[in-house]
Amino acid sequence: MQQTLSIIKPDAVKKGVIGKIIDRFESNGLRVAAAKKIKLSKCDAKAFYAIHSQRPFFNDLVDFMTSGPVVVMVLEGENAVAKNRELMGATNPKEATPGTIRADFADSIDANAVHGSDSLENAKNEIAFFFSSREIC
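Going along each chain's sequence as written, the residues are numbered from 1 onward. pLDDT decides what is reported in this predicted model: residues at 70 or higher carry local features, side-chain atom pairs at 80 or more are listed and counted, and totals for whole chains, interfaces and linings draw on all residues regardless. Heavy atoms from the whole structure form the basis of all side-chain values; hydrogens and water molecules are not counted.

> Quick rundown of the UniProt feature "active site" (unreviewed entry) in the protein chain? Include the residues and the values.
UniProt positions are given in the numbering used here, feature names are shortened, and annotations may be inferred rather than shown by experiment. The UniProt feature table records "active site" (unreviewed entry) at His115. Mapped onto the fold, histidine 115 is located in strand E4 (residues 114-116). Setting aside chain neighbours within four positions, we find histidine 115 in contact with Leu5, Ser6, Ile7, Lys9, Phe48, Tyr49, Asn84, Met88, Arg102 and Glu126. By the criteria applied, helices consist of DSSP H or I runs no shorter than four residues and strands consist of E runs no shorter than two, each listed in order from the N terminus. In what follows, residue pairs with any heavy atoms lying within 4.5 Å of each other are defined as contacts.

> Explain the nonpolar core to me, and be specific about the residues and the numbers.
Throughout this description, the term nonpolar core refers to a set of buried Ala, Val, Leu, Ile, Met, Phe, Trp, Tyr and Cys residues connected via side-chain atoms within 4.5 Å. Per-residue accessibility, obtained with a 1.4 Å probe over protein chains only, is compared with the maximum for each type, and a residue is labelled buried under 20%, exposed over 50%, and partly exposed between these values. In terms of nonpolar packing, the biggest core is built from 20 residues, with Leu5, Ile7, Tyr49, Met65, Phe130 and Phe131 touching the most fellow members. Among the secondary structure elements, those contributing two or more residues to this core are strand E1 (2-8), strand E2 (31-38), helix H3 (42-48), helix H4 (58-65), strand E3 (70-77) and helix H7 (120-130). Tallying contributions element by element places H4 first for this core, with five residues. Beyond its immediate stretch of four places on either side in the chain, leucine 5 contacts Phe48, Met73, Asn84, His115, Gly116, Ser117, Ala123, Glu126, Ile127, Phe130 and Phe131. Counting 19 residues, the second-largest nonpolar core is a separate cluster that includes Val71, Leu75, Ala80 and Phe105.

> Tell me about the pattern of salt bridges, and name the residues and values.
Salt bridges are defined by distance alone: a side-chain nitrogen of Lys or Arg within 4 Å of a carboxyl oxygen of Asp or Glu. Summed over all chains, the structure comprises five salt bridges. Of the charged contacts, one joins aspartate 104 and arginine 24 as a salt bridge, the two residues approaching to 2.6 Å between their closest N and O atoms. Of this pair, aspartate 104 sits in helix H6 (residues 101-105) while arginine 24 is found in helix H2 (residues 18-27), placing the two residues 80 residues apart along the sequence.

> Just give me the short version of the pairing of E1, but keep the residues and values in it.
With respect to burial, E1 is a largely interior element, five of its seven residues being buried. At least two DSSP bridges between two strands are required for those strands to pair. Two elements, E1 and E4, share three bridges in a ladder whose sense is antiparallel. Looking across to E4, one finds that isoleucine 8 is bridged to valine 114.

> I'd like to hear about the UniProt feature "domain: Nucleoside diphosphate kinase-like" (unreviewed entry) in the protein chain, residue by residue, with values.
Under the UniProt annotation, "domain: Nucleoside diphosphate kinase-like" (unreviewed entry) lies at residues 1-137. Across residues 1-137 one finds 41% helix and 19% strand; the C-alpha atoms that close the span lie 13 Å apart.

> If you had to explain unusual backbone geometry to someone new, which residues and values would you point to?
The phi torsion at asparagine 79 lies on the positive side, around 50 degrees, for a residue other than glycine. In this structure, asparagine 79 sits in the loop between E3 and helix H5 (80-88). The backbone phi angle of alanine 113 is positive, close to 75 degrees, even though this residue is not glycine.

Pasting the structure below:
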């Protein structure tokens, strides 16, 4: 059973679609093993997205991710990383397949509703960033 990290980003939280997004995961075989709503600090966002620190969009990404609350979750299931990425759709919602989370709820490549781990190794690191083992059941 794999685990992956999912973040419902500030744009989707502001739209009030948290429940609809979680329903997509649960309806497609992913179980929420942990969840919490938090407000990221600039320091947290910079640390979490450090891999992108040299990219031109980094500061805008940090500003966006700290613009409002987010919902961080550990999703669990068969091939959870790949399943989550399939459900999210392409990073750019204009290129996302109809029926995916980004096609249905995202406004732009920047405000694209959700984040999901891109590999099993990154999932483990990202989950550990937000959750202690006692929070995951």
